[in-house]
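Chain by chain, the residues run as shown.
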Amino acid sequence: MRMRLHDIVAEKVDRQGSLPAVTFKSTTVTYAELWNAAAAFAAGLRRIGLRREERVAIYLDKRIETVVSVLGTSAADGVFVPINPLLRSRQVAYILGDCGVRVLVTSAERFERLREELAACPTVQHVVVIGAAPEAAAGCELHAWGELMGAGEGDGEAARRAIDIDMAAILYTSGSTGKPKGVVLSHRNLIAGAESVSSYLENHEQDCILAALPLSFDAGFSQLTTAFSVGAHVVLVNYLLPGEVVSLCARHGVTGLTCVPPLWLQLVDQDWPAEATRSMRYFANTGGRMPRATLAKLRALFPAASPYLMYGLTEAFRSTYLDPAEVDRRPDSIGKAIPNAEIVVVGKDGAVCGPGEEGELVHRGALVAMGYWGDAERTAERFKPAPGSDPAITTTELAVWSGDVVTTDEDGFLYFVGRADEMIKTSGYRVSPTEIEEVAYETGLVRDAVALGIDDPRVGQQIALIVSPSNGRELEPGTLLAELRKQLPMYMVPKQVIVQSELPRSPNGKFDRNSLRQEIGKQLAESAS
């Protein structure tokens, strides 16, 4: 019976132990080998005194040891905290202190960069280091990876105290609107999410899934859990160049690939040989709406693959997907609720919206997270009783109120309008930035596009569009503006178009809208003075 996250691997040992579980570079480990390593890591954690629900931070790039640390922490009844390897030392230290991390797993190189910051993290008592052992650090006991593993081999099932509603993980958001928030997930959340997603993707043990997104990102981490839940094979890649994704798809016969739109925009411009596409069974998008032009290119690249357009949020793992059979009829839809979830659209008056009415997307069900770590106020703002909850029932179910504005059509399909806090308000109109971006992509002139509302006392907000040119070509702002005027009403035409060679991205690979907003706002202020 699957009660805790690591059970999805432990249960494979008897029947599927010889199947490949994880590959990194030239190393592949089977399910039996992965579980033995996780059990040894769990025993090592208990030997150094890790107690139930204490936090273990994993600050590594994607590698076999990263996966072992996640599963081993779960088996030791700890709570794993995956930290994006792109974060700077100051950001890492904030996370370590915010959730009171007891054990840190990292590389020798990253440890050296963190050394000074660790002095301000008194809860971190143990550091497990992969690579050449560094000099001792004040306040921390250092453990070489090999020594920790060897000391506890074979003791992975000694604890068995945690149950499915206990904490399993804390995933930190990118912090684009302030300090990062730690989303607390239970074992039930993770297992229910894996089973739901793998069911509609029809994953099976013959699948080979390329994990291209960060494991600290819920969609990236789900590449592990959906694969392990069915005994599939995961190939890890630390994304550097889009060509590497292509070569790995060819080398391993990848059958499933999930990306965010900025990554897809880079991948469609690559040369994909037949051996890189012939095994692809599905491709999936999350983290923002897929431009129609990009979707068309992907369908041409992978003619035998099913396209899955998905929507999710860290607080509920995954919420909706569009059935591939509906993509031609509803290419702009985010679909309907995933299995074992219900999605409700609620207006400002608290009433459930009808077709065509804008409202907030509310997700209820087994995937709803436990809340934000150490922040009861923000938890109460986002996690509230589900619409229609009976006040007479004392164990009121909490749903997650996403903050995203959506509509439904007559058939119940959902359409993303925009973030409630990203909607542009100009000249009395509410404008969705994604609508402007979609038209920009359709011109074929841009590779990347971000529309922002910049404060303007005359109209509320003026619209700025920041783009990078398609295929490295020269792009005059006036040329793009002329095309936009042909497709958009005047109130939606950007006041200005700014061309940059690259647009900044957050650690999760999404466009860093907050950074762009600050940059453009500063430029406007300087030009006005």
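A few points on the structure. (Residues numbered from 1 in each chain as written. Predicted model: local features only at pLDDT ≥ 70, side-chain atom pairs only at ≥ 80, totals over all residues. Heavy atoms only, no water.)

Once that is clear, we can look at the overall build of the chain. When helices and strands are counted, the chain shows 17 helices and 27 strands. Compactness check: the chain gives a C-alpha radius of gyration of 23 Å against a globular reference of 24 Å for 529 residues, within 12% of the reference. For the chain, the C-alpha atoms occupy an extent of roughly 70 × 60 × 50 Å along the three principal directions. Going through the 529 residues of the chain one by one, you find that 58% of them count as buried. Across the chain, contacts joining residues at least 24 apart in sequence account for 65% of those joining residues at least 6 apart. In the structure as shown, the chain presents an accessible area of about 21,900 Å², 49% of it carried by carbon and sulfur atoms. (Helix = DSSP H or I, 4+ residues; strand = E, 2+ residues; numbered from the N terminus. Rg over C-alpha atoms; globule rule 2.2 N^0.38 Å. Buried < 20%, exposed > 50% of the residue type's maximum accessible area, 1.4 Å probe, protein only. Contact = heavy atoms within 4.5 Å. Areas by Shrake-Rupley, 256 points an atom, 1.4 Å probe, with all protein chains shown as cover.)

Side chains carrying opposite charge are able to pair once their charged atoms draw close together. Overall, the coordinates contain 29 salt bridges when judged by the stated rule. Here Asp61 makes a salt bridge to Arg63, at a shortest N to O gap of 2.8 Å. Its relative accessible area of 19% is what places Asp61 among the buried residues. Salt-bridge contacts for Arg161 lead to Asp77; the nearest nitrogen and oxygen are separated by 3.9 Å. Taken as a pair, Arg161 in the loop between α7 (145-151) and β8 (167-172) and Asp77 in the loop between α4 (64-75) and β4 (79-82) lie far apart in primary sequence, 84 residues in all. Residue classification places Asp77 among the buried positions, given a relative accessible area of 2%. (Salt bridge = Lys/Arg side-chain N within 4 Å of Asp/Glu carboxyl O.)

Turning next to the sheet that holds strand β25 (residues 446-456). Spatial strand order, β25-β26-β27: three strands in an open sheet with mixed pairing. Single-partner strands in this sheet number two, and they are β25 and β27 (496-499). Each neighbouring strand pair of the sheet contributes to a mean axis angle of 25°, computed without reference to strand direction. Two elements, strand β26 (residues 460-469) and β27, share four bridges in a ladder whose sense is parallel. Across the sheet, Leu465 pairs through a bridge with Val497, a residue of β27. (Pairing = 2+ DSSP bridges. Axes fitted to C-alpha atoms, helices over the stretch in contact; angles between N-to-C directions.)

Further remarks concern the nonpolar core. Nonpolar side chains in soluble globular proteins tend to end up buried together. Core analysis: the biggest nonpolar cluster contains 83 residues, and Val22, Leu34 and Phe228 have the highest contact counts within it. Considering every element that reaches this core, the biggest residue donor is helix α3 (residues 31-47), with ten residues. When sequence neighbours within four positions are dropped, the list of residues in contact with Val22 reads Thr27, Thr28, Val29, Leu34, Ile64, Val67, Phe228, His233, Val234 and Leu236. (Core = buried A, V, L, I, M, F, W, Y, C linked by side-chain atoms within 4.5 Å.)

On to the pairing of β4. For a regular strand, side chains alternate in direction, first toward one face of the sheet and then toward the other. Side-chain alternation along β4 places Val79 and Val81 on one buried face and Phe80 and Pro82 on a second face that is also buried. Pairing geometry for strand β3 (residues 55-59) and β4, over four bridges, is parallel. Within the sheet, the bridge partner assigned to Val56 lies in β4 and is Phe80.

Right, let's talk about the packing of aromatic side chains for a bit. Counting across every chain of the model gives twelve aromatic pairs. Counting every residue linked through ring pairs, the aromatic cluster contains Tyr200, Tyr282, Tyr308 and Tyr321. Over the face of the ring belonging to Tyr59 we find Arg110, whose NZ or CZ atom lies 5.3 Å from the ring centre. We note Arg318 situated over the ring of Phe317; from NZ or CZ to the ring centre the distance is 5.4 Å. (Phe/Tyr/Trp six-rings, centres within 6.5 Å; stacked < 30°, edge-to-face > 60°. Lys NZ or Arg CZ within 6 Å of the ring centre and 35° of its normal.)

Simply put, disulfide is the name for a covalent bond between the sulfur atoms of two cysteines. Per the counting criterion, the structure on display carries zero disulfides. Free cysteine Cys140: the closest other cysteine sulfur is in Cys121, separated by 8.2 Å. Between Cys208, a cysteine without a disulfide, and Cys249, which holds the nearest cysteine sulfur, the sulfur-to-sulfur distance is 8.4 Å. (Disulfide = S-S within 2.5 Å.)

With that out of the way, let us pick up helix α8 (residues 187-200). For α8, which comprises 14 residues, the first-to-last C-alpha distance of 21 Å matches the rise-based estimate of 20 Å (1.5 Å per residue) to within 8%. With eleven of 14 residues buried, α8 lies mostly within the body of the structure. Inspection of α8 places His187, Asn189, Leu190, Ile191, Ala192, Gly193, Ala194, Ser196, Val197, Ser198 and Tyr200 among the buried residues, and these make up the whole buried set. Downstream of α8 by a residue or two, Glu202 has a phi angle that is positive, lying close to 55°. (Expected span 1.5 Å × (residues − 1).)

What follows concerns helix α10 (residues 242-252). Of the residues making up α10, those classed as buried are Pro242, Val245, Val246, Leu248 and Cys249. The arc that holds the buried residues of α10, viewed along the axis, is 165°, so those residues lie on one side. Against the buried residues of α10 lie β10 (208-211), β12 (256-259), α11 (261-267) and α12 (274-277). Just beyond α10, the residue with positive phi is Gly253, at close to 60°. (Arc of directions from axis to C-beta.)

You will see that Glu53, though not glycine, has its phi angle at about 70°, which is positive. Along the chain, Glu53 turns up in the loop between α3 and β3. You can call Glu53 partly exposed: its relative accessible area is 26%. In the Ramachandran plot, Asn340 falls in the positive-phi region, its phi being about 70° despite a non-glycine side chain. Within the secondary structure, Asn340 sits in the loop between β16 (333-337) and β17 (341-346).

Where helix α5 (residues 89-98) contacts helix α6 (residues 108-118), the two axes come as close as 9 Å, and the packing angle between them is 60°. By the angle between their directions, the pair α5 and α6 is classed as oblique. Classified by chirality, the crossing of α6 by α5 is right-handed. Packed against α5, whose contacting residues are Ser89, Arg90, Val92, Ala93 and Leu96, the element α6 presents Arg113, Leu114, Glu117 and Leu118 at the interface. Among the residues making up the contact of α5 with α6, the classes are represented as five nonpolar, one polar and three charged. (Parallel < 35°, antiparallel > 145°, perpendicular 65-115°, else oblique. Left-handed = near helix turned anticlockwise from the far one by under 90°. Nonpolar A, V, L, I, M, F, W, Y, C, P; charged D, E, K, R; others polar.)

Any functional reading would require information that these geometric values do not contain.
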